[in-house]
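# A closer look at the structure
The primary structure of each chain is shown beneath.
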Amino acid sequence: MKKENRTKLKNRAIAMAQEPMQKKEASIIIEVIAFTLVTEIYGIESIFVKEVYTLTDFTPLPGVPSYIFGIINVRGQILPVIDLKKFFNLPEKGLGELNKVIILSNGQMEFGILADVVHGTQEIELEDIRGVPSTVTGIGEEYLKGVTKERLIVLNAKRLLSDKSIVVNEEVK
Amino acid sequence: MLKNMKIGLRLALSFSSILVFMIVIIFVSLNQIKVSRTLFDQIIKTNNIRLQLANNMINHTREVSIALRNILLINESKKTLEFKNKIDSIRNQYDKDFKELEGLILNDDTMSFVIIAKIRVSEDASRQLNNKVVDLVMAGKHEEAILLMNQQASPSVAAWIKDIDELITHNENRTVMRITEVEKAQTAASLFMFILGTIAILLAIVISVLMTLSITRPLTLSLKAADLIASGDLTVDLTSAEKRGDELGLLLLSFSKMVRNLCGSVKDINEGVSMLGSSASEILAATTQIASGSAETAAAISETTTTVEEVRQVTQLSSQKAKNLSDSVNQSAQVSQNGQKAVDAIVDGMNRISEQMDIIAQTVVRLSEQSQSIGGIIASVTDMADQSNLLAVNAAIEAAKAGEQGKGFAVVAREIKNLAEQSKQSTSQVRNILNDVQKATSAAVLATEQGNKAVEAGVKQSVQAGEAIRILTESSNEAVQAAIQIVASSQQQVIGMDQIGVAMQNINQAGTETEVSMVQSEKAAKSLNELGQKLKDLVERFKV
């Protein structure tokens, strides 16, 4: 291993080894899972995330709205997968990988959302989250918590999980 | 028409026409004389006799009257009978004359017949009265007879005589009429003869003038033409006279023919002379040119002679050069044979290079295939790195769920994630390198293919070069042969040049002779030209 990388890793280890308590005093910290959908980076609270799964095989369903991508089998459990782009009426531009599924759960409701790349966990101060800018159109404001300085769009997982439209659809099915 | 007649015929015609006129005149005058004579004859033989007879009749009547008076006067019977007989004889005489007179009267004279009838009536009356008187006398009635005589017979006799007088007067009138007729006829005849004579004279004059003119005019024309021809002018135009049919016309015609023939021959002579002149001058020019040309030729021949000498020397030089050339060509033949061998070696070497290139190409292809399989391995490593990344994320999630106890695990999960990212980066680097390697191998494949092609071209070219060198060898062998031939022929050339030198000297001599003869012919041409000029002058005297 090169000396540069070694020093980098050392610096990182030192940074990680420091006490996070000092920051906590200033504001409330939430942990999010960051992922990329086409071009934008989104974040979702990790407490509602059950697991990240690689999409290997799925079954498309007939007679459902277009945002229901299909159903997958995760270790014997059948879960629906929602395409957020269609759900939020985002424009279809570029080709994403769409081979990752983030499985959300709040104890009652459980389903997967499609993602291109999963970056990992990230800690965000609540104060840093700003209101929804006017440029982000199409997405219902009720599904968003806000946007950080780093242009990370934080989704409201709680609202998503308790959404009536998804539930109604499931009942119809 | 007159022009076409022969002169003799013309003369005969004119004289005969005049003759006809004269005959007519003579005939007419003779006839007239005859008519006059008949008329005069009539006057003399008929009219005069008639007059005489009438006078006789008057005389008889008077005699009868006298006899009757005598009877009356005498009054004697014997005498009376005598007188009576006398009266009867006189009366017979009278009747005879009367009858003769009647026979002489022409049928057309009706007036005479009327008068004669009148005479007869008065005659009958008078005779009866006279007879009565005589009867009275005989009867002795003398007184009564005288009375009858005086009262009736005498006036009757007077009337009778008066009637006969009337006949005489009538006859005289007729005579005068006849004479007037004769005069008239003679006047007409003389007028007619005068007119005819005048016409005849005029005709004679006209004919003589025309005859003279018709003869003299063409004669003058031919005279003039002859004068002109004598003076050498042949432009006389006699075509107008040629239409004549007489001897003069024929004369003019033959004149015209002569002039035409003369004209034609003069023209021919003229053309010939001018052609002679022009050809003589051309000959003169040509001979002059030839003379100058032969001088030039002589100069050229001498130049040529020197040139031939130079050429001969040059030929000797070239003979030597040809020998040298032959040697060097031999050398070059050897060199080209060596070149052939070298080229064969090159062809072999090129073939070996080609084989080596094939091997290289196969190796590169294998390399390419292996780099493909390396790509597959890299893909699976990337996949694994991805999965370990996911594992790290899941571990982090699990750690977050565990709360404070999971914090240490979260750190571990983050490290795993970093590791996975690093391995991902490394695989991407490896992938980049592999891409470079693949590009390089495909370039190598292309390069080896091009190299193969170049080697093939090299083989072809070396084969071609071998062929070229072989042809070169052949041609250098031919060149050797040619050089030998050149050497031989250049020696022959040297000999030939010597012969040419001798021939050139002969030509030189001949040229000098030609020059001399050309001067002579030039003189001849000059005299010919002068002759032509003289002839031309002679001919030009004729006007054509």
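None of the values given here were measured: they were computed from a predicted structure.

Conventions we followed
- Residues numbered from 1 in each chain as written.
- Chains lettered and ligands numbered in written order.
- Predicted model: local features only at pLDDT ≥ 70, side-chain atom pairs only at ≥ 80, totals over all residues.
- Heavy atoms only, no water.
- Helix = DSSP H or I, 4+ residues; strand = E, 2+ residues; numbered from the N terminus.
- Buried < 20%, exposed > 50% of the residue type's maximum accessible area, 1.4 Å probe, protein only.
- Contact = heavy atoms within 4.5 Å.
- Pairing = 2+ DSSP bridges.
- Axes fitted to C-alpha atoms, helices over the stretch in contact; angles between N-to-C directions.
- Phe/Tyr/Trp six-rings, centres within 6.5 Å; stacked < 30°, edge-to-face > 60°.
- Patch = residues over 30% accessible without salt bridge, like charges linked within 9 Å, V, L, I, M, F, W, Y side chains within 5 Å.
- Areas by Shrake-Rupley, 256 points an atom, 1.4 Å probe, with all protein chains shown as cover.
- Salt bridge = Lys/Arg side-chain N within 4 Å of Asp/Glu carboxyl O.
- Parallel < 35°, antiparallel > 145°, perpendicular 65-115°, else oblique.
- Left-handed = near helix turned anticlockwise from the far one by under 90°.
- Nonpolar A, V, L, I, M, F, W, Y, C, P; charged D, E, K, R; others polar.
- Core = buried A, V, L, I, M, F, W, Y, C linked by side-chain atoms within 4.5 Å.
- Buried area = accessible area lost by both parts, 1.4 Å probe.
- Polar contact = N/O pair within 3.5 Å; in protein donor to acceptor, adjacent residues only side chain to side chain.

## Looking at the overall build of chain B
Per the secondary structure count, chain B includes six helices and zero strands. Counted from the first residue to the last, chain B has its helices and strands arranged as α-α-α-α-α-α. Taking all 544 residues of chain B together, the buried fraction comes to 32%. Within chain B, counting contacts between residues at least 6 apart in sequence, those at least 24 apart form 85% of the total.

## Quick notes on the sheet that holds strand E4 (residues 68–74) of chain A
A sheet is described by the order of its strands in space; here five strands give the open sequence E3-E6-E7-E5-E4 (chain A), paired in mixed fashion. The open sheet has two free edges, formed respectively by strand E3 (49–54) and E4 of chain A, since each of these has just one partner strand. Averaged over all neighbouring strand pairs, the angle between strand axes comes to 30°, with direction disregarded. Relative to strand E6 (residues 100–105) of chain A, E3 of chain A is paired through five bridges, and the arrangement is antiparallel. The partner of Val 52 of chain A across the bridge, within E6 of chain A, is Ile 102 of chain A. Here helix H5 (residues 247–402) of chain B sits on the sheet in contact with E3 and E6 of chain A, set at roughly 175° to E3 of chain A.

## Section: the packing of aromatic side chains
Residue and element names in this part refer to chain A. Counted according to the given criterion, the structure contains eight aromatic pairs over all chains. Judged by centre distance (5.9 Å) and plane angle (25°), the rings of Phe 35 and Tyr 42 are stacked. Classification of Phe 35 as buried rests on a relative accessible area of 0%.

## As for a nonpolar patch on the surface
A contiguous nonpolar patch, built from Ile 201, Leu 202, Ile 205, Val 209 and Leu 213 of chain B and spanning about 450 Å² of accessible area, is present on the exposed surface. By the secondary structure assignment, Leu 202 of chain B is in helix H4 (residues 142–230).

## Re the pattern of salt bridges
Applying the stated criterion across every chain, the model contains 17 salt bridges over all chains. Close ionic contact of Arg 470 of chain B with Glu 474 of chain B constitutes a salt bridge, the shortest N to O distance being 2.6 Å. With Arg 470 of chain B and Glu 474 of chain B both in helix H6 (residues 407–540) and four residues apart, the pair spans about one turn of that helix. Arg 470 of chain B gets classed as partly exposed once you look at its relative accessible area, which sits at 32%. Several salt bridges share partner residues, and in doing so they unite Lys 100 of chain A together with Asp 386 and Lys 424 of chain B into one network.

## Considerations on the packing of helix H3 (residues 110–139) of chain B against H4 of chain B
Residues and elements named next belong to chain B. Interaxial distance between H3 and H4 falls to 8 Å at its minimum, and their mutual angle equals 160°. By the criterion of interaxial angle, the relationship of H3 to H4 is roughly antiparallel. At the point where H3 passes H4, the crossing takes the left-handed sense. Here the contact of H3 with H4 is composed, by residue class, of 17 nonpolar, eight polar and seven charged.

## Topic: the nonpolar core
Counting residues in hydrophobic clusters, the biggest one holds 42 residues, and the most contacted among them are Phe 35 and Ile 44 of chain A. Residues contacting Phe 35 of chain A, with those up to four places away along its chain left out, are Glu 40, Ile 41, Tyr 42, Ile 44, Ile 102, Ile 113, Ala 115, Val 117, Val 118, His 119 and Leu 155 of chain A. Listed in part, the 18 residues of the second largest apolar core include Met 57, Ile 105, Ile 119 and Ile 161 of chain B.

## Notes on the sheet that holds strand E1 (residues 29–37) of chain A
Read across the open sheet, the five strands follow the order E8-E1-E2-E10-E9 (chain A); overall the sheet is mixed. The open sheet is flanked by strand E8 (117–125) and strand E9 (144–147) of chain A, the only strands paired with a single partner. Strand-to-strand, the axes of this sheet are offset by a mean angle of 30°, without reference to chain direction. When E1 of chain A meets strand E2 (residues 40–45) of chain A, the two strands line up antiparallel, connected through six bridges. Across the sheet, Thr 36 of chain A pairs through a bridge with Ile 41 of chain A, a residue of E2 of chain A. The sheet strands contacting H5 of chain B are E1 and E8 of chain A, and the helix crosses E8 of chain A at an angle near 30°.

## Things to note about the interface of chain A and chain B
On the side of chain B, 15 residues touch chain A, which itself brings 18 residues to the contact. Across the interface of chain A and chain B, roughly 1500 Å² is buried in total on both sides, 53% from carbon and sulfur atoms. Of all residues in chain A, the largest losses of buried area upon contact with chain B belong to Met 16, Val 52 and Thr 121 of chain A, amounting jointly to 29% of the total for that side. There are one salt bridge connecting chain A and chain B. In this structure, Lys 100 of chain A engages Asp 386 of chain B in a salt bridge whose closest nitrogen and oxygen atoms are separated by 3.3 Å. Along the contact surface separating chain A from chain B lie six residue pairs in polar contact (both at pLDDT 80 or more). For the side of chain A that touches chain B, the elements supplying multiple residues, two or more each, are helix H1 (3–17), E1, E3 and E8 of chain A. Ranked by the residues each element gives to the side of chain A that touches chain B, the list is headed by E3 of chain A, at six residues. Of the residues that constitute the side of chain A that touches chain B, the class distribution is eight nonpolar, five polar and five charged.

## A few points about the side chain of Thr 36 of chain A
Residue and element names in this part refer to chain A. Its location among the elements puts Thr 36 in strand E1. Owing to a relative accessible area of 12%, Thr 36 belongs among the buried residues under this scheme. Leave out the neighbours within four places in its chain, and Thr 36 touches Ile 41, Ala 115, Asp 116, Val 117 and His 119.

## Some words on the environment of Leu 106 of chain B
Residues and elements named next belong to chain B. With respect to the helices and strands, the residue Leu 106 is situated in the loop between helix H2 (77–104) and H3. For Leu 106, a relative accessible area of 29% translates into the label partly exposed. Linking Leu 106 and Thr 46, residues 60 residues apart in sequence, is a C-alpha distance of 9.5 Å. The residues touching Leu 106, leaving out its near neighbours within four places in the chain, are Gln 42, Arg 50, Phe 113, Arg 174 and Arg 178.

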